[in-house]
Amino acid sequence: MAGKIGAASGLSGLSGLSGLSGLSGLSGLSGLSGLAGGGGPGAEVSIVRPVGTSPAIQPLPGEDWFRGNPWPPLDATWPRDQLAPEVTAFPESAWSPEHLSTVILGEFVRARVNGKGWAGIDLTPDLPDAAGTLAEIGELIELIEYRSAVMAEALAQSGTFMDFFRGVLSFTQSSHPATFRLAWAAMRIGAFQAMHHKHLHKRPRPSHVCPSLMPPIDPPAHAAFPSGHATESKLVALTLGAVMPGAAQEPLNRMAERVARNREVLGVHYPSDSKAGVALATQSHSLLMKCATIRRLRKAARREWGLPPN
């Protein structure tokens, strides 16, 4: 019918946008997507730095054309043999927190406290029997009503909770690099320890025992006991607490408890998973403090906060 207004008739004014087609050349910027920081704390940003052959600033004497100007210049030299060894060595400060944490993991597995190492930690006493598991299922059912209130926070903590600890102490990777590296190393060691015990005990997730829990997220593809979030967050709290004055330990511990409890509210962990994670982190912390790189980072971190090294 003439004069009838269709759903798309109001879009006719957009025809002037056809001149934007020249922006298609911006597709080459896709390599900058790594700058969005989606990799999480410590993730390396992939910088695109193409280097071609540009024309020389001016023709060479006797020539009327511009030679190619490669980089580096053909006559460039770098007198590395004239530099001191400590200048040519790769500095520890240039390591990404993620890769340095792997180095620290190698130190951690060799650490001993009273002759006992990481593999000697026993969490079996913290694993409930069938009756205890059923009682915990009842508690998790009661926690369902809190999901809507903690959902945004719990989902933000699903991948990494580093930003929540940064909020407690107000630090960044650039403002307090040693502090950041310590926290990242604690997360890596905590994850390593938790996965070892998860595979050892093979406890099913709560929703596998009681499907009616219906977690709002897919349960992680590994066993429940102990809670990785509880282990990692408590180990971060203890490690940062070894840097800060004693008054900081309480809010750090509270944050760790909150991270662990949110996993229970989501229905992906039992309360005993969280309890065992705290026990595992506490015993792992003693071993972590034996690592040479951790001791250096702790001293550097205390200096960052204006505190004496020891």
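Fair warning: this is a prediction, and the values are worked out from it, not measured in the lab. (Residues numbered from 1 in each chain as written. Predicted model: local features only at pLDDT ≥ 70, side-chain atom pairs only at ≥ 80, totals over all residues. Heavy atoms only, no water.)

## Let's talk about helix H3 (residues 130-143)
Then, in step 1: Relative to the 20 Å expected for 14 residues at 1.5 Å per residue, H3 spans 20 Å between its end C-alpha atoms, a close match to the ideal helical length.
Then, in step 2: All of the buried residues in H3 are Thr133, Glu136, Ile137, Leu140 and Leu143. The arc enclosing the buried residues of H3, seen along the axis, measures out at 115°, which places them on a common side. Exposed and facing more than 90 degrees away from the buried side of H3 are Ala131, Leu134, Ala135 and Glu142.
Then, in step 3: On its buried side, H3 packs onto helix H4 (147-159), helix H7 (206-209), helix H9 (249-266) and helix H10 (271-288).
Then, in step 4: Sitting at the amino-terminal end of H3 is Asp129, which places a side-chain oxygen 3.3 Å from the backbone nitrogen of Ala131. (Helix = DSSP H or I, 4+ residues; strand = E, 2+ residues; numbered from the N terminus. Expected span 1.5 Å × (residues − 1). Buried < 20%, exposed > 50% of the residue type's maximum accessible area, 1.4 Å probe, protein only. Arc of directions from axis to C-beta. Contact = heavy atoms within 4.5 Å. Polar contact = N/O pair within 3.5 Å; in protein donor to acceptor, adjacent residues only side chain to side chain.)

## Topic: the packing of helix H6 (residues 177-201) against H10
For any two helices packed against each other, one specifies the crossing angle of their axes together with the interaxial distance.
Then, in step 1: Running from N to C, H6 and H10 point in directions that differ by 125°, and their axes come no closer than 11 Å. Between H6 and H10, the crossing angle belongs to the class labelled oblique. As H6 packs across H10, the resulting crossing turns out to be right-handed. Together, Ala186, Ile189, Gln193, Ala194 and His197 of H6 and Leu280, Ser284 and Leu288 of H10 make up the contact between the two elements.
Then, in step 2: By residue class, the composition of the contact of H6 with H10 is five nonpolar, three polar and no charged. (Axes fitted to C-alpha atoms, helices over the stretch in contact; angles between N-to-C directions. Parallel < 35°, antiparallel > 145°, perpendicular 65-115°, else oblique. Left-handed = near helix turned anticlockwise from the far one by under 90°. Nonpolar A, V, L, I, M, F, W, Y, C, P; charged D, E, K, R; others polar.)

## Focus: helix H8 (residues 228-241)
The α-helix advances 3.6 residues per turn, and as a result positions three or four apart in sequence lie on the same side.
Then, in step 1: When the terminal C-alpha atoms of H8 are compared, their 19 Å separation across 14 residues agrees well with the 20 Å that a helix rising 1.5 Å per residue should span.
Then, in step 2: Of all 14 residues that make up H8, 14 are buried, and the element is covered over most of its length.
Then, in step 3: The distance from a side-chain oxygen at the start of H8 to the backbone nitrogen of His229 is 3.4 Å, and the residue carrying that oxygen is Ser227.

## Some points on the packing of aromatic side chains
Then, in step 1: A complete count under the given rule lists three aromatic pairs for this structure.
Then, in step 2: Residues Phe90 and Trp95 carry aromatic rings whose centres are separated by 6.3 Å and whose planes lie at 80° to one another, so their mutual orientation is edge-to-face.
Then, in step 3: The class of Phe90 is exposed, set by a relative accessible area of 57%.
Then, in step 4: What makes Trp95 partly exposed here is its relative accessible area of 33%. (Phe/Tyr/Trp six-rings, centres within 6.5 Å; stacked < 30°, edge-to-face > 60°.)

## Considerations on a nonpolar patch on the surface
Then, in step 1: Together, Phe90, Trp95 and Val103 line one region of the surface with nonpolar side chains, adding up to about 290 Å² of accessible area.
Then, in step 2: If you trace the backbone, Trp95 turns up in the loop between helix H1 (85-88) and helix H2 (97-108). (Patch = residues over 30% accessible without salt bridge, like charges linked within 9 Å, V, L, I, M, F, W, Y side chains within 5 Å. Areas by Shrake-Rupley, 256 points an atom, 1.4 Å probe, with all protein chains shown as cover. Salt bridge = Lys/Arg side-chain N within 4 Å of Asp/Glu carboxyl O.)

## With respect to the side chain of Thr293
Then, in step 1: Relative to the elements of secondary structure, Thr293 occurs in helix H11 (residues 292-304).
Then, in step 2: Given a relative accessible area of 2%, Thr293 falls into the buried group.
Then, in step 3: Residues in contact with Thr293, not counting those within four places in the same chain, are Glu92, Leu100, Ile104 and Glu107.

## Topic: the nonpolar core
Generally speaking, nonpolar side chains in soluble globular proteins are found buried as a group.
Then, in step 1: Core analysis: the biggest nonpolar cluster contains 43 residues, and Phe108, Phe165, Val236, Leu240 and Leu288 have the highest contact counts within it.
Then, in step 2: Residue assignment for this core shows that the elements contributing at least two residues are H2, helix H5 (162-169), H6, H8, H9, H10 and H11.
Then, in step 3: Per element, the largest residue contribution to this core is nine residues, and it comes from H6.
Then, in step 4: Counting residues in each nonpolar core, the second largest holds 13 residues, with Ala154, Ile217, Val265 and Tyr270 among its members. (Core = buried A, V, L, I, M, F, W, Y, C linked by side-chain atoms within 4.5 Å.)

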